[in-house]
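# Breakdown of the fold
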Amino acid sequence: MRLYLLACCCLISSCGAQGQVEYAIAEETPRGAPVGNVARDLGLEAAALPSRKGRLVGGGGGPGPAYFLLEAASGALAVGEPVDREAICALQPSCALSYELVLENPLELHKLRVRILDVNDHAPRFPLAEYHFSVAEFLAAGARFALPSAHDPDEGPHGVQSYALSPDPHFGLAMQTRGDGSSYPELVLERPLDRERQATHRLALTALDGGSPARSGSTQVLVTVLDTNDNAPAFEHSVYRASIPEDSPLGTPVTQLRATDPDEGANGEVRYAFSNSTPAELRRLFRLDPQSGEVRVGAALDGQTPPLELFVEARDRGLFGLSGLAKLLVDVRDVNNHAPEIVVTSLSSPVPEDSPLGTVIALLSITDRDPGENGRVICQLPTQLPFQLKSSFDSYYSLVTSGLLDRERVGEYNITLTASDLGSPPMASQRTLRLQVADVNDNPPRFLTQRREVEVAENNPPGASLFHVSASDPDLGENGRVSYLLRDIDIQGGALSTYLAIDAQAGTVFAKAAFDFERLQGFHFQVEAQDHGSPALASAFLVSITVLDRNDNPPVILFPAASRNGSVAVEIVPRSAESGYLVTKVVAVDADSGHNAWLSFHLLQATEPSLFTIGSHTGEIKTARALLEREAVKQRLVIMVKDNGQSPLSATVTLNLVFAENFQEALPEMDTQPSDLDYQSDLQFYLVLTLALVSFLFLVTVTLTIIMKFQRSKNPTFLQCFIPDAKTGAIFPPSYEDGTLPYSYQVCLSSESRRNELTFLQPTVQIAENIPCNVKSDISMMLNGENNVEEDLENVEKRVVD
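The structure presented is a predicted model; accordingly, all values stated were derived computationally and were not measured.

About the thresholds
Residues numbered from 1 in each chain as written. Predicted model: local features only at pLDDT ≥ 70, side-chain atom pairs only at ≥ 80, totals over all residues. Heavy atoms only, no water. Helix = DSSP H or I, 4+ residues; strand = E, 2+ residues; numbered from the N terminus. Buried < 20%, exposed > 50% of the residue type's maximum accessible area, 1.4 Å probe, protein only. Contact = heavy atoms within 4.5 Å. Areas by Shrake-Rupley, 256 points an atom, 1.4 Å probe, with all protein chains shown as cover. Patch = residues over 30% accessible without salt bridge, like charges linked within 9 Å, V, L, I, M, F, W, Y side chains within 5 Å. Salt bridge = Lys/Arg side-chain N within 4 Å of Asp/Glu carboxyl O. Pairing = 2+ DSSP bridges. Core = buried A, V, L, I, M, F, W, Y, C linked by side-chain atoms within 4.5 Å. Axes fitted to C-alpha atoms, helices over the stretch in contact; angles between N-to-C directions. Polar contact = N/O pair within 3.5 Å; in protein donor to acceptor, adjacent residues only side chain to side chain. Phe/Tyr/Trp six-rings, centres within 6.5 Å; stacked < 30°, edge-to-face > 60°. Lys, Arg positive; Asp, Glu negative; His and termini not counted. pLDDT = per-residue confidence, 0-100.

Moving on, we come to the overall build of the protein chain. Broken down by element type, the protein chain carries 8 helices and 56 strands. Counting all 802 residues of the protein chain, 39% fall into the buried class. Within the protein chain, contacts between residues separated by at least 24 positions form 64% of all contacts whose residues are at least 6 apart in sequence. In the structure as shown, the protein chain presents an accessible area of about 44100 Å², 52% of it carried by carbon and sulfur atoms.

For the rest of this paragraph, the subject is a nonpolar patch on the surface. Nonpolar side chains collect at one region of the surface, where V556, L558, F559, V587 and V589 lie side by side and expose about 390 Å² of accessible area between them. With 3 residues, the single largest contributor to the nonpolar patch is strand β44 (residues 556-559).

On to the pattern of salt bridges. Side-chain pairs of opposite charge can arise where the charged atoms are in close proximity. What the rule picks out here adds up to 20 salt bridges. Salt-bridge contacts for E412 lead to R434; the nearest nitrogen and oxygen are separated by 2.8 Å. In this pair, E412 sits in strand β31 (residues 412-421) while R434 sits in strand β32 (residues 428-438), placing the two residues 22 residues apart along the sequence. Here R434 falls in the exposed class, since its relative accessible area comes to 52%. A salt bridge links E631 to R625, with the shortest nitrogen-to-oxygen separation between them at 2.6 Å. According to the relative accessible area criterion, E631 is buried, its value standing at 9%.

To continue, consider the sheet that holds strand β26 (residues 351-352). The strand order β26-β32-β31-β28 describes an open sheet built from 4 strands, whose pairing is mixed. Here the strands that pair on one side only, and so sit at the sheet edges, are β26 and β28 (377-380). Of the strand pairs in this sheet, β26 and β32 are connected by 2 bridges, and their pairing is parallel. If you follow P352 over to β32, its bridge partner there is A438.

Summarising the sheet, strand β4 (residues 55-58) and strand β7 (residues 96-103) pair through 4 bridges and their orientation is antiparallel. Opposite G58, over in β7, you have Y99 as the bridge partner. Relative to strand β8 (residues 108-117), β7 runs antiparallel, the two sharing 8 bridges. In the sheet register, Y99 faces β8, and the bridge partner there is L112. Taking the residues that link successive antiparallel strands as the turn, the β7-β8 hairpin has 4 residues, and the phi of N105 there is positive, at about 55°.

Below, the discussion takes up the pairing of strand β43 (residues 538-548). With 7 bridges joining them, strand β34 (residues 451-457) and β43 adopt parallel strand pairing. When the sheet's bridge partners are listed, V456 is paired in β43 with V547. In the sheet, strand β42 (residues 522-531) pairs with β43 via 9 bridges, with the strands oriented antiparallel. What sits directly across from V527, in β43, is F541.

Core analysis: the biggest nonpolar cluster contains 28 residues, and F467, Y484, L500, F515, F523, F525 and V527 have the highest contact counts within it. Sorting the residues of this core by element identifies β34, β35 (465-468), β37 (482-487), β40 (500-502), β41 (508-511), β42 and β43 as the ones contributing at least two each. Leaving out residues up to four positions away in the same chain, F467 has contacts with R452, V454, G507, T508, V509, F525, V543 and I545.

Neighbouring strands of a sheet are bound in pairs by backbone hydrogen bonds; such pairs are parallel or else antiparallel. Sheet architecture is open: 3 strands sit in the order β10-β13-β12, paired in antiparallel fashion. Each end of this open sheet is capped by a strand with a single partner; those strands are β10 (144-146) and β12 (171-177). Averaged over all adjacent pairs, the angle separating strand axes in this sheet is 35°, with direction ignored. Bridge analysis of β12 against strand β13 (residues 183-189) gives 7 bridges, and the strand direction is antiparallel. Bridge assignment links M175 to a residue of β13, and that residue is P185.

Now for unusual backbone geometry. The linkage connecting N105 with the following residue, P106, adopts the cis geometry, with an omega of 0°. Secondary-structure assignment places P106 in the loop between β7 and β8. Each neighbour pair has its own omega, and for F559 with P560 the value is -10°, a cis peptide bond. Positive phi, close to 55°, is recorded for N105, a residue that is not glycine. With respect to the helices, strands and loops of the structure, N105 is situated in the loop between β7 and β8. Under the relative-accessibility criterion, N105 is labelled exposed at 61%. Backbone geometry places N459, a non-glycine residue, at a positive phi of 65°. Take N459: it is sitting in the loop between β34 and β35. On the accessibility criterion, N459 (36% relative accessible area) is partly exposed.

Mapped onto the fold, V221 is located in strand β15 (residues 216-226). As for V221 and L147, which are separated by 74 residues in sequence, their C-alpha atoms are 8.6 Å apart. Discounting chain neighbours no more than four positions away, the residues touching V221 are Y131, F133, L147, H201, R202, L203 and L205.

What follows concerns the side chain of S248. By secondary structure assignment, the location of S248 is in the loop between β17 (239-245) and β18 (253-256). Judged by its relative accessible area of 10%, S248 falls in the buried class. Only 2.6 Å separates the side chain of S248 from the backbone oxygen of P245, close enough to count as a polar contact.

The subject of this paragraph is the environment of E631. Structurally, E631 is set in the loop between β50 (620-623) and β51 (634-643). In this structure the C-alpha to C-alpha distance between E631 and E608, which are 23 residues apart in sequence, comes to 8.2 Å. Look past the residues within four positions of E631 in its chain and what remains in contact with it is E608, L611 and R625. A polar contact of 2.6 Å, which involves the side chain of E631, links it to the side chain of R625.

Further remarks concern the packing of aromatic side chains. A full pass over the atoms with the stated rule returns 12 aromatic pairs. Residues F612 and F659 carry aromatic rings whose centres are separated by 6.2 Å and whose planes lie at 35° to one another, so their mutual orientation is tilted. In this pair, F612 is assigned in strand β49 (residues 612-614) and F659 in strand β52 (residues 650-659), connecting sequence segments 47 residues apart. Like F659, F612 is buried. One aromatic cluster in this structure is built from F467, Y499, F515, F523 and F525.

As for its placement among the helices and strands, D475 is situated in the loop between β36 (471-472) and α4 (477-480). At 4.6 Å, R407 is the nearest oppositely charged side chain to D475, a buried residue that forms no salt bridge. Apart from residues lying up to four places away in sequence, D475 is in contact with E353, R407, E408, D439, V440, N441, D442, N443 and G480.

Next up on the list: the environment of S472. The residue S472 is located in strand β36 in this model. When its relative accessible area of 46% is taken as the criterion, S472 is described as partly exposed. For the pair S472 and P444, spaced 28 residues apart in the sequence, the C-alpha separation amounts to 8.6 Å. Residue contacts for S472: discarding those within four places in its chain leaves P444, P445 and R446.

This part covers the confidence of the model for the protein chain. Taken residue by residue, the protein chain gives an average pLDDT of 78. The fraction at 70 or more is 81%. When the criterion is pLDDT under 50, residues 1-17 qualifies, and its contacts beyond four places in sequence or with other chains add up to 30 contacts. Of the regions scoring below 50 in pLDDT, residues 715-802 engages in 112 contacts with residues more than four places distant in sequence or in other chains.

Here's what the structure looks like:
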């Protein structure tokens with residue numbers, strides 16, 4: 001069963017593209033076999049590939065087969081067509097196909113490289129299926145014949161490793177080594193041949209590779225035993241030497257080879273050819289005339305290492321085809337056709353920017369393959385760079401610093417070395433060294449400005465981002481990585497950390513608590529930026545926080561102030577008050593500031609809205625006109641105080657006004673405060689009902705009074721106030737009720753004093769008494785009200801007695 005090897009993928013970072021991923025698969029992997037998931041390996045979202053039009057580009061291009069297919073839905077890469085490594089890479093030691101993954105929206109380019117691993121899928125093959133050899137029967141044991149070499153397109157251990165020859169009593173197999181280290185087989189005559197017993201020998205030559213299992217290829221070797229021509233051609237010299245310039249043009253004669261054969265006729269006619277022991281590369285360099293034995297230049301000789309070793313075979317045309325071998329050594333003379341070669345033996349990159357003068361940066365080897373003056377080299381460097389070359393020994397040079405380095409000014413140097421020889425004309429070559437300067441912590445973090453003013457509205461949510469600070473450090477890595485911290489200070493007896501916090505990496509300052517403008521209007525502190533070098537460097541940034549006011553406090557009404565039990569304020573207004581009379585002034589404050597503290601006063605509700613006006617900015621309540629007789633003496637006002645915030649807040653106060661000339665007249669109205677808000681809504685109903693009852697009682701009273709005056713009979717106690725006393729002559733007008741119930745007025749006049757003794761306001765009072773004007777009497781009253789009214793009644797009794 002054939003095995004396929006799938007190598008795990010590895011991600012390789014790339015400077016030019018977004019990313020690079022490399023896979024490795026065995027050649028001849030069947031169609032549909034998974035290679036890897038490109039989306040996962042590149043860190044992409046597979047679901048976004050179709051919308052971004054992901055596609056593969058490359059892999060040789062053109063209309064050839066699509067060796068790999070990308071599944072857009074999942075990002076999986078699979079084999080589209082089996083890959084034949086030998087077909088696409090021939091004899092290359094390594095084989096790989098390169099692709100680009102193109103994504104749009106945004107445009108991205110990712111590199112994919114698929115290495116094709118060799119498998120032992122080719123058997124060794126001989127150029128021909130059958131080879132013919134003619135061997136004279138008189139040849140002694142030990143004669144050797146070069147056999148053809150097999151070729152295996154697989155690489156390394158999968159190539160040809162050994163040869164085997166089918167068993168034969170006359171022939172054996174021996175291996176020989178060429179000058180380049182490769183081996184080739186030879187057929188060895190182990191026992192003399194006898195044509196009369198066996199005229200031909202058919203042998204099987206098998207080549208084996210090093211695979212597991214091993215593959216093999218065979219060819220047939222047909223040996224024909226010749227009966228004549230017992231003399232082989234012989235060269236004049238076993239080794240020929242020739243010298244030729246390396247720039248010789250094609251066709252230039254190299255040497256003349258000559259071999260002789262003492263046989264006659266066709267057995268003595270010699271033909272020349274390069275033997276199978278001569279590498280194919282050398283055969284292409286020279287042309288050998290098969291009849292004359294002249295050797296000429298057949299290809300460019302540049303870059304050849306002398307001497308070149310070739311084997312020439314001289315074979316006669318006899319029936320037995322005997323041959324002789326000679327070695328040709330060609331010395332290719334040098335001309336100045338090689339430029340100096342610069343090899344970097346060692347390069348210290350990056351180099352610290354604080355390196356002292358004379359620090360060794362690189363060790364170079366500069367050579368020229370040309371000998372003599374053609375190989376003597378002179379090296380030069382650009383003069384404006386802080387480097388110089390020093391000769392060490394032989395062809396080695398040291399590149400050292402000749403000036404100070406500063407990474408922040410120049411982070412990378414491209415040092416161009418120029419090496420020229422002393423040939424005529426001279427040849428030169430250049431090599432550019434890319435030297436990076438390593439960073440040291442020599443720069444503290446820097447802010448763009450040294451001070452910043454930040455405005456923060458109060459009542460901010462805890463954790464809210466207030467502002468962002470940013471400091472830059474031109475250093476690299478940890479030396480340039482900046483962290484932020486707050487320098488603690490005391491703010492109204494508390495630490496700064498109770499108010500603010502900072503993200504050490506991002507530099508974002510957060511509020512840990514809500515600010516209150518009424519408590520804290522602003523403060524100053526410092527933000528410190530510190531790098532992570534050793535030792536660490538730091539710098540500070542001054543921040544001024546100003547807390548902005550928000551409309552978060554409603555107005556507070558200072559006057560008139562409501563009592564603790566929730567009763568409303570009461571103001572007395574003279575009945576005679578004209579238009580513009582100042583009743584009272586509403587005084588309010590707001591803890592906010594600015595526009596949020598600008599207050600305006602509004603009359604929200606009034607018993608008689610047209611009776612009063614209020615100053616929108618002063619809060620002064622004034623009468624708009626005089627009180628009419630039909631209007632109630634008690635007026636209820638609801639005043640709203642509103643601030644000027646964007647979301648205005650307000651407060652209200654209820655003010656009861658009583659129209660009276662003095663306090664005693666206003667007292668009944670002041671004591672009859674409504675205990676429920678529903679009372680106001682039903683006020684009109686109760687007023688109509690009360691007026692009807694009062695009218696009825698008034699008619700009854702008048703009727704009874706007239707009847708009693710006509711009867712002249714003994715009057716009841718409760719009517720004495722209405723009948724003239726015979727002794728004193730006191731006259732009491734009947735009692736009456738005037739105004740809006742439930743208020744009653746009781747009036748009693750004396751004939752002696754001729755003045756009003758009592759004027760009193762009391763809610764819900766029923767009076768039944770006999771008041772003789774010249775005698776002290778008791779006053780009995782039934783009251784429904786507050787306890788403080790009793791004290792007023794005692795004062796009234798005293799005044800009546802007096």
